[in-house]
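Listed here are the chains, written in short residue letters.
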Amino acid sequence: HHDARRQLRSAMGDFHDVEATDGVRFSWNVWPSSRLEATRIVVPLGCLYTPLKAIEGLPLLPYEPVMCKGTCPAMLNPYCRIDFKAKIWVCPFCFQRNHFPPHYNDISETNLPAELIPQYTTIEYALPRAPAGPPVFLWVVDTCLEESELQALKDSLEQVLQLLASAAPTALIGLITFGTVVQVHELGFEHCSKCYTFKGTKDPAPAQLAEQLGISAGGAGRGGRAAGQGGPADARSASARFLLPISEAEFAISNVLSELRRDPWPVPSDSRPQRCTGAAASIAVSLLELAFPNTGARVMLFTGGPCTIGPGQTVGCPLAEPIRSHHDIEKETGNVKHMKKALKHYAGVAQRASKVGHVFDIFACALDQVGVAEMRAVVERTGGYTVMSESFTGNIFKQSLSQVFARDASGTALRMAFGGTVEVLTSNEFKVCGAIGNCASLGKKSNNVGETEIGLGNTNAWSVGGLDEDTTLALYFEMAAQSGGQQQQQAGGQRYLQLLTSYQHSSGQYRLRVTTLARPWAEAAQAGEMARGFDQEAAAVLMARIASHKTQTEEAFDILRWIDRMLIRLVGKFADYRKDDPASFRLSSAFSIYPQFMFHLRRSQFLQVFGNSPDETTYYRLIFARENTTNSLIMIQPTLLAYSFEGPPVPVLLDVTSIAPDRILLLDTFFHVIVYHGETISAWRKQGYHETAEHQNFRELLSAPKEDAAELLQQRFPVPMYIECDQYGSQARFLLAKLNPSVTHNSSQSGAASSDFLFTDDVSFQVFMDHLKRLAVESK
């Protein structure tokens, strides 16, 4: 039994270590032994998986992996039992005995191939296949912008062109501009700039588009010509005319961009410009679908306002018609009359793009909404990026755009990867319920698919068109129903999980990353063992992803009730207390901050829509669905640092009492970074003390949080909004909205004179905990 204990300890280790070596974090690191036990632990079994996490010392093997010949497609891994004499390995998933291929003849205990070395639980194969072509970028540019906005956008695109010319000179690039009509630019036409114009109110079918542009559908050779001669030439016809290597197209695109003018159609003063975003998006996806199916390609849409004509229309042209708000959507008022059709149009576009493995990005810069809520599906199903900001002239857009084209750690290739598929294999004690993240289901119903559906279920494989080192999927599992004979397993045995991610590297090379993990399980009596393996951070994020996903189909009130019920049941099971005595309530350190996360999740912008437009809410939820554990936690519960003369900066509670006149606070909510000066500090700053020689300390205090904030802005994608504000200033609302209202205008404590207090009727964390304790200890 000691052996089992030791395994437990090593498996739990430090959750962050497992994340660093495998890119995976489980909610429970010791698993329940039966279905009944699984329902009793309340928080679902699941893991957050970052397929392309940059792992130090990850071996890259230049050969095909060895695959199991049995019923499962598992790859050779360190958990296989090996008979070195007979050269046989036993698959831990289906117990099939496999012979090693001949080139493994000289393996022994001391001479192991990399994929069998115990510490390489994650390994990557560079598959020896013909590489895919270089990546393809198709820019779709909105011309119904203000002059200054259009100019700023053109400048940014020019910079990206130069950046790409050095980072990926072979990448192909194309350009579509749209306003009242859609214009597909033929960059390969040497004599003058030439483009094909399509009506903005129609959505041509891909075959029709191919005919009108004069390219053959399907790309490959027509008729019976040998592929050697005719095949590539035909595919080239589309690429040689509309999508060219950057080294050839740079000049042509620069020309088109420099000549690009505002949409010439007159706009009456009481209406919005005619903008056919929906048609442009559809034509862009069709063009790539025709020319480059199953090759890494991304449509990048730059827009500065809502779609007002044609398919995907979000709002009418007259300004008298307001664009929908959350209130309209909830009460189904007349302002949402376009929504159903628009959602359907973009869902169709998303379906086509994800089917051929292409990515769709949205860069929306406008003061008002542009209809990201309607376009949600296109980004969500293809794994694209969304960047939302107020203006193309701003830092947020410029820096985020150049970060999209950042290089990976080696500095030789772009960070982005294409055409990913993630497949999940499990040993027979548990099954897969589904995934939540920016992915699309591949509908692969293998025998390890569970009955319960969480997120995108009924499949054990998903496609992720675009992924990078941060893209994270949430995977959920359930215990399999056991028949009588299986019950007699010894405790401390292992359950196995294998995650297979195949993708196209930006250099065109096909790769496969294999992560194989084993987790111990505990008997019903060992609740303590289970509790010690609880990762409250991962669990909070997994629960938050379910809650955020539910918002598409359920009422907010019901979701809050569900979060509360789950929390009460969880602490009721794992806390120590005497029945009906709230004062005796104690939570062990493994659970102690979980209630805090739930308190902040209930107040977060993912569930509370007050003060946000439908576009902003969609934007927050889209980004939340692709970020890793640490970043997701910052979104749920922002971090707050206090800077003062007393010493180095210290993390403080996200609470009103943290505000003090002689402190500077740095709040990081992932989307905003806020530097907040206390009253005394801002008064001194206004009097210019920091400019005099003798107040060097003060000068340093003022600059420290700014330097730390600048560093955050550098590392993060999308770049957050940076706000500097003073106590009692108008911008201070950004900080106050996130704080726990422990001191409000109607609390009677007199000791609170030193700190600020909030005018709010929200419940404070203390009250929340008191209620939780009372409900948890009630005799059931």
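For the protein, the mean per-residue pLDDT works out to 89, and 92% of the residues sit at or above 70. Every residue in residues 1-12 is under pLDDT 50, and counting partners more than four places away or in other chains gives 17 contacts.

Next up on the list: unusual backbone geometry. In this chain, F717 is followed by P718 through a cis amide linkage whose omega measures -15°. Relative to the helices and strands, P718 is located in the loop between α20 (696-715) and β27 (721-726). Positive phi values are uncommon outside glycine, yet N458 reaches one of about 60°. As for its position among the elements, N458 is in the loop between β18 (440-441) and β19 (461-467). With relative accessibility at 33%, the residue N458 sits in the partly exposed group.

One open sheet holds the five strands; their spatial order is β24-β23-β25-β26-β27, and the pairing between them is mixed. In this open sheet, the two edge strands, each paired with only one partner strand, are β24 (647-651) and β27. Shown here is a sheet whose adjacent strand axes are inclined to one another by a mean of 15°, direction ignored. Where strand β25 (residues 664-668) meets strand β26 (residues 672-677), five bridges bridge the pair, whose relative direction is antiparallel. In the sheet register, L665 faces β26, and the bridge partner there is Y676. Together, β23 (639-644), β25, β26 and β27 form the strand contacts of α20, whose direction differs from that of β25 by roughly 10°.

Here we come to α20. Here α20 contains 20 residues, and its C-alpha end-to-end distance of 29 Å stays within 8% of the 28 Å for a straight helix at 1.5 Å per residue. Burial in α20 covers these residues: F698, L701, L702, P705, A709, L712 and L713. Against α12 (395-404), β23, β25, β26, α19 (679-686) and β27 lie the buried residues of α20.

Right, let's talk about the pairing of β26 for a bit. Most of β26 is tucked away, with six of its six residues classed as buried. Going residue by residue along β26, you find H672, I674 and Y676 tucked away on one face and V673, V675 and H677 tucked away on the opposite face as well. Between β25 and the antiparallel strand that follows it, β26, lie three residues; F670 among them carries a positive phi value of about 80°. In the sheet, β26 pairs with β27 via six bridges, with the strands oriented parallel. Bridge pairing links V675 to E724 in β27.

Counted under the stated rule, the structure contains 33 salt bridges. Measuring nitrogen to oxygen at the nearest pair gives 2.6 Å for the salt bridge that ties R275 to D142. Residue R275 is found in the loop between α7 (246-259) and α8 (277-291), and its partner D142 is found in strand β8 (residues 136-142); the two are separated by 133 residues along the sequence. With respect to burial, R275 and D142 carry one shared label: buried. The salt bridge involving E724 is made with K706; its shortest N-O contact spans 3.8 Å. One end of the pair, E724, is in strand β27; the other, K706, is in helix α20, and 18 residues separate them in sequence.

Criteria and thresholds
- Residues numbered from 1 in each chain as written.
- Predicted model: local features only at pLDDT ≥ 70, side-chain atom pairs only at ≥ 80, totals over all residues.
- Heavy atoms only, no water.
- pLDDT = per-residue confidence, 0-100.
- Contact = heavy atoms within 4.5 Å.
- Helix = DSSP H or I, 4+ residues; strand = E, 2+ residues; numbered from the N terminus.
- Buried < 20%, exposed > 50% of the residue type's maximum accessible area, 1.4 Å probe, protein only.
- Pairing = 2+ DSSP bridges.
- Axes fitted to C-alpha atoms, helices over the stretch in contact; angles between N-to-C directions.
- Expected span 1.5 Å × (residues − 1).
- Salt bridge = Lys/Arg side-chain N within 4 Å of Asp/Glu carboxyl O.

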